[in-house]
Amino acid sequence: MVVPATAVEVRSLDLVTRSAAATADVGAALVHGLRRGDIVLLTGGIGSGKTVLAKGVARGLGIEETVVSPSFLLHGIYRGRLTLNHFDFYRLNDPAEAAELGIEEAAESGVTLIEWGDRFPGLIEPPFLEIHFELGDGPDDRDLTFRFAGDEWWHRLPRLFAA
Ligand SMILES: Nc1ncnc2c1ncn2[C@@H]1O[C@H](COP(=O)(O)OP(=O)(O)OP(=O)(O)O)[C@@H](O)[C@H]1O
Ligand SMILES: [Mg+2]
């Protein structure tokens, strides 16, 4: 028996990557499921791979400029097939600082990635995609958990990673 796709809602998806290149490739593939206005929170510890994935997203969008960690910049803007907004909440101390960044306005211009985007819970309202990174068993293994906050993500993304 097959359960109709409309009868179930998948809320998360787990992937393991075994190299930085693979994580970047996941970012590049993700672009095919992204639309203008989308917000993606990149969460997980220092060195877990958030910026590596962001660089892959930039490649997927045809951005030639080098994407750097936005820790000091706060808001990187890159022009590609869609504009890429790259934020980082790591250095912010309170939600008011994050609110001042004008994320919602910026988000309308393209695709928005926010490193440490879970730092101020509730600040970013659904719908959003969260990609959570954890170190895996081997030194170059990373466990990526995609959490779909809002109901339409599931229908867009899982097909991207089919063999
Ligand atoms: N499977 C993997 N995926 C991503 N990065 C990996 C992987 N294996 C090893 N690495 C290495 O881990 C590091 C990840 O660094 P990155 O700058 O992406 O982390 P980050 O999560 O953005 O950290 P920060 O919180 O400091 O911004 C890089 O040096 C990368 O080469
Ligand atoms: Mg980073």
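A. Highlighting the side chain of Glu115. Looking at where Glu115 falls in the secondary structure, it is placed in strand β5 (residues 110-115). No salt bridge is formed by the buried Glu115, whose closest oppositely charged neighbour, Lys50, lies at an N-O distance of 4.7 Å. At 2.6 Å, the side chain of Glu115 forms a polar contact with the side chain of Thr51. Those residues in contact with Glu115 that lie beyond four places of it in its chain are Leu42, Lys50, Thr51, Pro70, His86, Phe87, Asp88 and Phe89.

B. Structural context of the sheet that holds strand β1 (residues 12-17). With respect to topology, 7 strands assemble into an open sheet ordered β1-β7-β6-β2-β5-β4-β3, the strand pairing being mixed. The open sheet has two edge strands, β1 and β3 (75-78), and neither has a second partner. When strand polarity is set aside, the average angle formed by the axes of neighbouring strands in this sheet is 20 degrees. The strands touched by helix α1 (residues 20-30) are β1, β6 (128-135) and β7 (142-149); relative to β1, the strand with the most contacts, the crossing angle is about 140 degrees.

C. A look at the site of ligand 1. Thr23, Gly47, Lys50, Thr51 and Asp140 are the nearest of the 16 residues found near ligand 1. Ser19 places a main-chain nitrogen or oxygen 3.0 Å from a nitrogen atom of ligand 1. A distance of 3.0 Å is found between an oxygen atom of ligand 1 and a side-chain nitrogen or oxygen belonging to Trp116. The fraction of the free accessible surface of ligand 1 (650 Å²) that becomes covered by protein chains is 74%. Breaking the shell around ligand 1 down by element, the ones donating at least two residues are α1 and α2 (50-60). Of the residues forming the shell around ligand 1, the biggest block, 3 residues, is contributed by α2. Here the residues of the shell around ligand 1 are counted per class, giving 4 nonpolar, 8 polar and 4 charged.

D. Representation of the pattern of salt bridges in the model. Across all of its chains, the model carries 3 salt bridges by this definition. Measuring nitrogen to oxygen at the nearest pair gives 3.0 Å for the salt bridge that ties Arg18 to Asp141. Here Arg18 is found in the loop between β1 and α1, whereas its partner Asp141 is found in the loop between β6 and β7, with 123 residues between them in sequence. Note that Arg59 is salt-bridged to Asp25, the shortest N-O span being 2.8 Å. You can see Arg59 sitting in helix α2 and its partner Asp25 sitting in helix α1, a full 34 residues away along the chain. A residue is classified by how much of its surface remains accessible, and Arg59, at 46% relative accessible area, is partly exposed.

E. Up close: unusual backbone geometry. Put simply, Pro126 and Pro127 share a cis peptide bond, and its omega is 10 degrees. Tracing the sequence through the fold places Pro127 in the loop between β5 and β6. Backbone geometry at Trp116 places phi at a positive 55 degrees, although glycine is not the residue there.

The rules behind each value
- For every chain, the first residue of the written sequence is number 1, and numbering continues from 1 onward in sequence order.
- Chain A is the first chain written and ligand 1 is the first ligand written, with later ones labelled in order.
- Local features in a predicted model are, by the rule used here, given only for residues with pLDDT of at least 70; side-chain atom pairs are given and counted only at 80 or more, and totals for whole chains, interfaces and linings are based on all residues.
- Heavy atoms from the whole structure form the basis of all side-chain values; hydrogens and water molecules are not counted.
- Helix numbering and strand numbering both begin at the N terminus, where a helix is a DSSP run of H or I of at least 4 residues and a strand a DSSP run of E of at least 2.
- Relative accessible area decides the class of each residue, using a 1.4 Å probe on protein chains only: under 20% of the type maximum gives buried, over 50% gives exposed, and in between gives partly exposed.
- Residues scored as charged are limited to Lys and Arg (positive) and Asp and Glu (negative), so that His and the chain ends carry no count.
- What makes a salt bridge here is a side-chain nitrogen of Lys or Arg within 4 Å of a carboxyl oxygen of Asp or Glu, nothing more.
- Polar contact is defined as a pair of N or O atoms within 3.5 Å, subject to the rule that within protein one atom must be able to donate a hydrogen and the other to accept it, and that residues adjacent in sequence are counted only when both atoms are side-chain atoms.
- Residue contacts are counted whenever heavy atoms from the two residues lie within 4.5 Å of one another.
- Strands were regarded as paired on the criterion that DSSP finds at least two bridges between them.
- Lines fitted to C-alpha atoms define the axes here, with helix axes fitted over just the stretch in contact, and angles between the N-to-C directions of these axes take values from 0 to 180 degrees.
- Working definition: residue near molecule or strand if any one of its non-hydrogen atoms lies within 4 Å of it.
- Surface accessibility in these figures is a Shrake-Rupley result with a 1.4 Å probe; residues are shielded only by whichever protein chains are displayed.
- Under the grouping applied here, Gly and all other residues not named as nonpolar or charged are polar, the nonpolar ones being Ala, Val, Leu, Ile, Met, Phe, Trp, Tyr, Cys and Pro and the charged ones Asp, Glu, Lys and Arg.

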